[in-house]
Amino acid sequence: MAEHDYALSRRAAEFYEATMVPALFTAWATRAVAAAGVGPGDRVLDVACGTGVVARAAAARGGTVVGVDVNEAMLAVARRVRPDLRWEVGDATRLPFGDDSFDAVVSQAALMFFGDRVAALREMGRVAGRVVVVQVPGRLAASAGYLALADVLARHAGGAARDLLGAYFAVGEPALLRDLFERAGLRIARFESWLGATRSPDLDTFLAAELLPFADSVGPDVRARMVADCRAELAPFVDATGGVAAPIEVHLVTAAV
Ligand SMILES: C[S@@+](CC[C@H](N)C(=O)[O-])C[C@H]1O[C@@H](n2cnc3c(N)ncnc32)[C@H](O)[C@@H]1O
């Protein structure tokens, strides 16, 4: 789901919760809160919480949770799903919380979108008392399913469409990510790279979430050709039941505060 798209509407935020969260981010969230060592009574901040998948995973481990995001539409969905948790509007680069307000600060699938990434990491370190965990997509070149999508987008919808997808992988180079933490004054305790998969029950569902939002300006003929190309290029990631599992590299970075 393209950032420019779901930033616009409640409908798009609901689509994100219904498609992207089960396809991809629920599995990430389980890892993120485990890396943060969230346990009963921990105060946990989910930075750029979106529809709240990390906050919910932290609450399931007994944490006392706050989710913060700039996007009101995403927060409205978070609130609909879990009205019992605390959701706040706020910018990651100016977190509206005091020093050491939380034990653990977790941010997932968001650092690449922040205007000032170093400032955001510094803010996470300021409000965290024990640990900061950041999880982001890794390298596009190491994420086979997405590399295929990027090629199809470039071929049919142009470089700008490809770049919208590429923006998700903008901090995927390990050296770049390490450098951002260092410049923010955060000491990395563990840097784990793992190969995840975006899972969908069928290719149409997968393309509706992962391809079409990046190509919303193309006409129906081009769209049909793009989908046909994807059917061929993504065939290696489709199983006998028609289910899709597109590999994506993920970096999980844990910094002790
Ligand atoms: C791909 S979503 C990830 C949402 C959620 N963390 C998840 O794992 O599903 C990226 C989120 O970052 C939020 N975001 C982007 N820039 C932000 C900023 N400067 N401060 C706070 N949130 C921001 C967006 O509104 C969006 O909800």
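The rules behind each value
- Residues numbered from 1 in each chain as written.
- Predicted model: local features only at pLDDT ≥ 70, side-chain atom pairs only at ≥ 80, totals over all residues.
- Heavy atoms only, no water.
- Helix = DSSP H or I, 4+ residues; strand = E, 2+ residues; numbered from the N terminus.
- Rg over C-alpha atoms; globule rule 2.2 N^0.38 Å.
- Buried < 20%, exposed > 50% of the residue type's maximum accessible area, 1.4 Å probe, protein only.
- Contact = heavy atoms within 4.5 Å.
- Salt bridge = Lys/Arg side-chain N within 4 Å of Asp/Glu carboxyl O.
- Pairing = 2+ DSSP bridges.
- Right-handed = clockwise from strand over helix to strand, strands pointing away.
- Phe/Tyr/Trp six-rings, centres within 6.5 Å; stacked < 30°, edge-to-face > 60°.
- Lys NZ or Arg CZ within 6 Å of the ring centre and 35° of its normal.
- Near = heavy atom within 4 Å.
- Polar contact = N/O pair within 3.5 Å; in protein donor to acceptor, adjacent residues only side chain to side chain.
- Areas by Shrake-Rupley, 256 points an atom, 1.4 Å probe, with all protein chains shown as cover.
- Nonpolar A, V, L, I, M, F, W, Y, C, P; charged D, E, K, R; others polar.

1. Some points on the overall build of the protein
At step 1: Within the protein one finds 10 helices and 7 strands.
At step 2: For 257 residues, the compact-globule estimate of 2.2 N^0.38 gives 18 Å, and the protein sits close to it at 18 Å.
At step 3: The dimensions of the protein, computed from C-alpha atoms along their principal axes, are 55 × 40 × 35 Å.
At step 4: By the burial criterion, 54% of the 257 residues in the protein qualify as buried.

2. Describing helix α3 (residues 53–60)
At step 1: Burial within α3 is extensive, with 7 of its 8 residues counted as buried.
At step 2: Of all the positions in α3, only Val 53, Val 54, Ala 55, Arg 56, Ala 57, Ala 58 and Ala 59 are classed as buried.
At step 3: For α3, the elements touching its buried residues are α2 (10–35), β1 (43–47), β2 (64–69), α4 (72–81), β3 (86–89) and β4 (102–108).
At step 4: Looking one or two residues beyond α3, the residue adopting positive phi is Gly 62, at roughly 95 degrees.

3. Focus on the pattern of salt bridges
At step 1: Applying the stated criterion to the full structure yields 16 salt bridges.
At step 2: One salt bridge connects Glu 233 with Arg 155, and the closest N-O pair in it is separated by 2.8 Å. One end of the pair, Glu 233, is in helix α10 (residues 220–233); the other, Arg 155, is in helix α6 (residues 144–157), with 78 residues separating them in the sequence.
At step 3: Among the charged side chains, a network of salt bridges with common partners joins Arg 10, Glu 14 and Arg 80.

4. A word on the pairing of β3
At step 1: Relative to β3, β2 runs parallel, the two being bridged by 4 bridges. Bridge pairing in β3 places Gly 67 opposite Trp 87.
At step 2: The β-α-β motif built from β2, the intervening α4 and the parallel element β3 has right-handed crossover chirality.

5. Topic: the packing of aromatic side chains
At step 1: Following the criterion strictly, the structure yields 7 aromatic pairs and no others.
At step 2: Measuring from ring centre to ring centre gives 5.0 Å for Phe 25 and Trp 28, while their planes differ by 85 degrees; the resulting arrangement is edge-to-face. Here the residue Phe 25 and the residue Trp 28 both occupy positions in helix α2, the gap between them amounting to 3 residues, near one helical turn. Per residue, the accessibility class of Phe 25 equals that of Trp 28, and both read buried.
At step 3: Between the aromatic rings of Phe 113 and Tyr 168, the centroid separation amounts to 5.0 Å while the plane-to-plane angle is 85 degrees, which identifies the pairing as edge-to-face. Of the two residues, Phe 113 sits in the loop between β4 and α5 (117–127) while Tyr 168 sits in the loop between α7 (159–166) and α8 (174–183), which places them 55 residues apart along the sequence.
At step 4: Within the aromatic cluster, the residues linked to one another by ring pairs are Tyr 16, Phe 25, Trp 28 and Trp 194.
At step 5: Here the guanidinium or amino end of Arg 31 rests over the ring plane of Trp 194, the centre of that ring lying 3.8 Å away.

6. Structural notes on the site of the ligand
At step 1: Close contacts around the ligand come from 21 residues, with Tyr 16, Ala 48, Asp 69, Ala 92 and Gln 108 the closest.
At step 2: The contact in question runs from an oxygen atom of the ligand to an N or O atom on the side chain of Tyr 16, over 2.6 Å.
At step 3: Take Ala 48: an N or O atom from its main chain is 2.8 Å from a nitrogen atom of the ligand.
At step 4: Burial of the ligand by the protein amounts to 96% of the accessible area it has alone, namely 600 Å².
At step 5: Elements with a contribution of two residues or more to the shell around the ligand: α1 (3–6) and α2.
At step 6: Partitioning the shell around the ligand into residue classes produces 14 nonpolar, 4 polar and 3 charged.

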